[in-house]
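Close look at the chain arrangement
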Amino acid sequence: MIRHSFYIRIATILLCLLPITGRLLAAHVLDSSSLSEKAVYLQQDLLEKHWLNGLYVSIVPAGPAGTNFQHTVNQPGNVIHAGVWTGRYLAGVGYQFAASHDRRAREIGDQILQGLRIEQEVTGKPGLLARGYVRGHGPVEDYERDGRDSLKWHQGQGKYADYRWYGDVSVDNFNAVLYGYAVYYDLAASDAQRKFIARDVDRLMTHLLDNDCRIVDVDGKVTQWGHVGIDPDPSRDEYYRTVYARYLDESERQDQQWKPPLRASLMLLPDLLIAYHITGKQRYMELYGKVVARFKQNPDPRRKSGPFSLERLARVNHSSEGQDYEALYNLIRYEHDPELLKLYRSWVDDLWEMNWMEGNSLFTWMTVALVPEYQSPAKPGRRAAPVDGITHGTESERLALETLHLYPLDRVMHPVMNSLRADVEKNPFSRGESLSAKPIPINLRPLDNEYAWKGNPYQMDGWLKPSVTMFQSTCDDPLVEWFCDTSGKIYMTLDGEKTWRDMSSALRGANVQNISASTNRTFILHAQTDQGIFITRDGGMSWRPAGVAETTSFPSQSFQDWHRMKSGVWLRVDAGSLLLSRDAGKTAVPCMEGWRIPRANSFFETAMGIIASGPGGTYRSVDGKSWKEIHLWREDETGPADFLHAYWMGRYYGFIGPRE
């Protein structure tokens, strides 16, 4: 077994030393540091915080450098999307080994291969991937507790009995894993690793083909997004026509013949070529030929092409574009037929028309490598693909490098509200959210929740906090306080605001609107909710509807009126601005020094000072003038696999120099 190789033991020793070197490195690496320094620091951060037996857990609770998370049912991170990002990070590690010849990269790759093997075997169904897994037993925090339920969580069996895994794997998970296998196999895998990959690719694709190009879950049903392509067998036509009916236009619905375009199987085509390339089994090449022969000549009425426009831009799905790029990358690398390559490159051109100006590093490197023809470097790091081979090539490459240089080391999902900026032009065609007319630099826009290259660079706002709607202290213990917020939840602290607990679970889904603490008993609290008034006598661990004799009055939530604080200043909220007066409102000035976003919704007098809240967070002040942020809710941070993927791909193709 490759997991017991000599090199794995060496890698284990090296990884034990990495926390020490990583913490030393963190002291001097900045957003403005060289790309190579950032890459070393970010990889260390990934291995410390986001690593579970080779599985990359993309979102974890925010923590300082050197923090290690166990990723159990009590501390899971976002594991339900772990498979897709692990597959893409495997590709990044493949580029890293090819460009640097660093043996640690191959050992990290070996751990990822083991993690992806577990993703298959933990399901107990050969060839079926899990979305992700955590260690332990019992309901998973943030997913199965507090009355929540999910049919997709399962307990592993046999040797995986100590893992809890999430099912319903989708086409993007499946294809990302195949993409990672292909790149790593070609650029980094040892002979033993190639055999390991071939076995797992064959199992995945056998499952897919045995189920008519569908992913079938442990319950025997196709997963929600489990149609990887269209089976060319005519006997399956009516089934697929029904499945894809919502994507058809009126003329296609009326057409008696089923003529799906070849592009409808874009996710399937590279998977078949990858499987043939890695396993050598003719079965995969034969089906590829049947798909092409059956669908190639069909018209593609839904193909999105044409000139750039803000109206078209407002409808772009960047996540889907990322999947398309990923599929086309290996499809073009492995295809040799000139006619097919011309068609596939036209699909790249469609994507590029909408993406060249966005500074998307990964999309840029893929486009330059694929168009006008695929050119792998004669030697890793030695550029072969000329930038002038594509439209807007020079400018797009400049923007792609700029994005990596601006890439922030702080991965905490802080609130961002660019819609307040007068200097940012808005897209008038955006629907339901504020979008800019031009890409926002990566260090100024909201962090994508898991992978920057699938994010929307035109998104103006994100990760806004709930606002506190009421804050209450106990009558006799200043360390005990509660607050409720616009999410309808109620929280309690027992240590003077160092930590907070959600006390909403026993309210059975009631939405809390206001709270009132007893003036003579420590843990008696009333909650006004959308289901009536509730009372607790234990701080919120248990609740029951308040009786007639237990009614109470609730404090005012009129923050637009002037309120006098104990410090002698007066405060009010006016059109989102927190105002301060020293003469009962005759004169007033804004007082939001230190606020991340200058918008306030509420303020309160508490035992710990003045508390004020808005979409950018909650802040404390002694004098109402200078404020410091306090953290009432858990903050999360996302990992850097996106940077590492793009950086090492750029290094491999020679788009980035080793000292840049």
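Residues numbered from 1 in each chain as written. Predicted model: local features only at pLDDT ≥ 70, side-chain atom pairs only at ≥ 80, totals over all residues. Heavy atoms only, no water.

A few points about the overall build of the chain
Along the chain, the regular secondary structure elements total 16 helices and 27 strands. The globule rule puts the C-alpha radius of gyration for 660 residues at 26 Å, and the 28 Å found for the chain is close to it. Judged by the C-alpha coordinates and their principal axes, the chain covers about 80 × 65 × 55 Å. The 660 residues of the chain split such that 57% are buried. Sequence-distant contacts in the chain: of pairs separated by 6 or more residues, those separated by 24 or more amount to 62%. When the accessible surface of the chain is totalled, it reaches about 28,100 Å², and 51% of it is carbon and sulfur. Here the chain carries 75 positive and 81 negative side-chain charges, and the mean point of each set is 2 Å from the other. (Helix = DSSP H or I, 4+ residues; strand = E, 2+ residues; numbered from the N terminus. Rg over C-alpha atoms; globule rule 2.2 N^0.38 Å. Buried < 20%, exposed > 50% of the residue type's maximum accessible area, 1.4 Å probe, protein only. Contact = heavy atoms within 4.5 Å. Areas by Shrake-Rupley, 256 points an atom, 1.4 Å probe, with all protein chains shown as cover. Lys, Arg positive; Asp, Glu negative; His and termini not counted. Charge placed at Lys NZ, Arg CZ, Asp CG, Glu CD.)

Side note on the sheet that holds strand β12 (residues 481–485)
Strand order in the open sheet formed by 4 strands is β11-β12-β13-β14, and the pairing between neighbours is antiparallel. Bordering the open sheet on either side are β11 (468–473) and β14 (501–502), each of which pairs with just one other strand. (Pairing = 2+ DSSP bridges.)

Section: the confidence of the model for the chain
For the chain, per-residue confidence averages 91 on the pLDDT scale, and residues scoring 70 or more make up 94% of the total. Note that pLDDT drops below 50 for residues 1–24; the model gives that stretch 27 contacts with residues more than four away or on any other chain. (pLDDT = per-residue confidence, 0-100.)

A look at the pattern of salt bridges
Enumeration according to the criterion identifies 32 salt bridges in this entry. The salt bridge partner of Asp202 is Lys281, with a shortest N-O separation of 2.6 Å. Of this pair, Asp202 sits in helix α6 (residues 191–210) while Lys281 sits in the loop between α9 (268–279) and α10 (282–295), placing them 79 residues apart in sequence. On the accessibility criterion, Asp202 (15% relative accessible area) is buried. With its nearest N and O atoms 3.3 Å apart, the salt bridge here joins Asp448 to Lys454. What makes Lys454 buried here is its relative accessible area of 17%. A cluster of three or more residues bridged by salt bridges with shared partners is formed by Arg117, Glu121, Arg199 and Asp200. (Salt bridge = Lys/Arg side-chain N within 4 Å of Asp/Glu carboxyl O.)

Observations regarding the packing of aromatic side chains
Tallying each qualifying case throughout the model produces 31 aromatic pairs. Seen from their ring centres, Trp85 and Tyr451 are 4.7 Å apart, and the 15° between their planes marks the pair as stacked. Note that Trp85 is positioned in helix α3 (residues 82–100) and Tyr451 in the loop between β9 (416–417) and β10 (461–462), a separation of 366 residues in sequence. Summarising the burial analysis for this pair, Trp85 and Tyr451 share the class buried. With 6.4 Å between their ring centres and 50° between their planes, Tyr95 and Tyr653 make a pair best called tilted. Taken together, the residues span a long stretch of sequence, with Tyr95 in helix α3 and Tyr653 in helix α16 (residues 641–653) at a distance of 558 residues. Ring pairs connect the aromatic residues Phe471, Phe483, Tyr491, Trp500, Phe559, Phe603, Phe604 and Trp633, which therefore count as one cluster. Sitting over the face of the ring of Tyr239, Arg236 holds its NZ or CZ atom 4.6 Å from the ring centroid. (Phe/Tyr/Trp six-rings, centres within 6.5 Å; stacked < 30°, edge-to-face > 60°. Lys NZ or Arg CZ within 6 Å of the ring centre and 35° of its normal.)

So, the sheet that holds strand β21 (residues 577–581)
Spatially, 4 strands are ordered β19-β20-β21-β22 in an open sheet, and the strand pairing comes out antiparallel. Here the strands that pair on one side only, and so sit at the sheet edges, are β19 (563–564) and β22 (589–590). The sheet contact formed by β21 and β22 spans 2 bridges and is antiparallel. Counted as the bridge partner of Leu580 is Val589 from β22.

Quick look at the nonpolar core
Ranked by size, the top nonpolar core spans 122 residues in total, and within it Tyr95 and Tyr344 carry the most contacts. Broken down by element, this core gets its largest block of residues, 11 residues, from helix α5 (residues 171–187). Once residues lying within four places of it in the same chain are set aside, the contact partners of Tyr344 are Leu262, Leu269, Tyr288, Val292, Leu328, Leu331, Ile332 and Glu335. (Core = buried A, V, L, I, M, F, W, Y, C linked by side-chain atoms within 4.5 Å.)

Side note on the packing of α9 against helix α12 (residues 318–334)
The description of two helices packed together rests on the angle between their axes and the distance between the axes. Where α9 meets α12, the closest approach of the two axes is 8 Å, and the angle between their N-to-C directions is 50°. Compared by their axis directions, α9 and α12 come out oblique. Between α9 and α12 the crossing geometry is left-handed. Residue-level inspection shows Leu269, Pro270, Leu273, Ile274 and His277 of α9 in contact with α12, the latter providing Ala327, Asn330, Leu331 and Tyr334. Its residues assigned to classes, the contact of α9 with α12 comprises 7 nonpolar, 2 polar and no charged. (Axes fitted to C-alpha atoms, helices over the stretch in contact; angles between N-to-C directions. Parallel < 35°, antiparallel > 145°, perpendicular 65-115°, else oblique. Left-handed = near helix turned anticlockwise from the far one by under 90°. Nonpolar A, V, L, I, M, F, W, Y, C, P; charged D, E, K, R; others polar.)

So, the state of the cysteines
As enumerated under the stated definition, the model contains 0 disulfides in all. With no disulfide partner, Cys475 has as its closest neighbouring cysteine sulfur the one in Cys484, 19 Å distant. For Cys475, a relative accessible area of 35% gives the class partly exposed. (Disulfide = S-S within 2.5 Å.)

Focus: the pairing of strand β8 (residues 222–227)
Looking at chain direction, strand β7 (residues 214–216) and β8 are connected through 2 bridges and run antiparallel. By the bridge assignment, Arg214 is partnered in β8 with His227. Linkage of β7 to β8, two consecutive antiparallel strands, is achieved through a turn of 5 residues, within which Gly220 is found at a positive phi near 85°.

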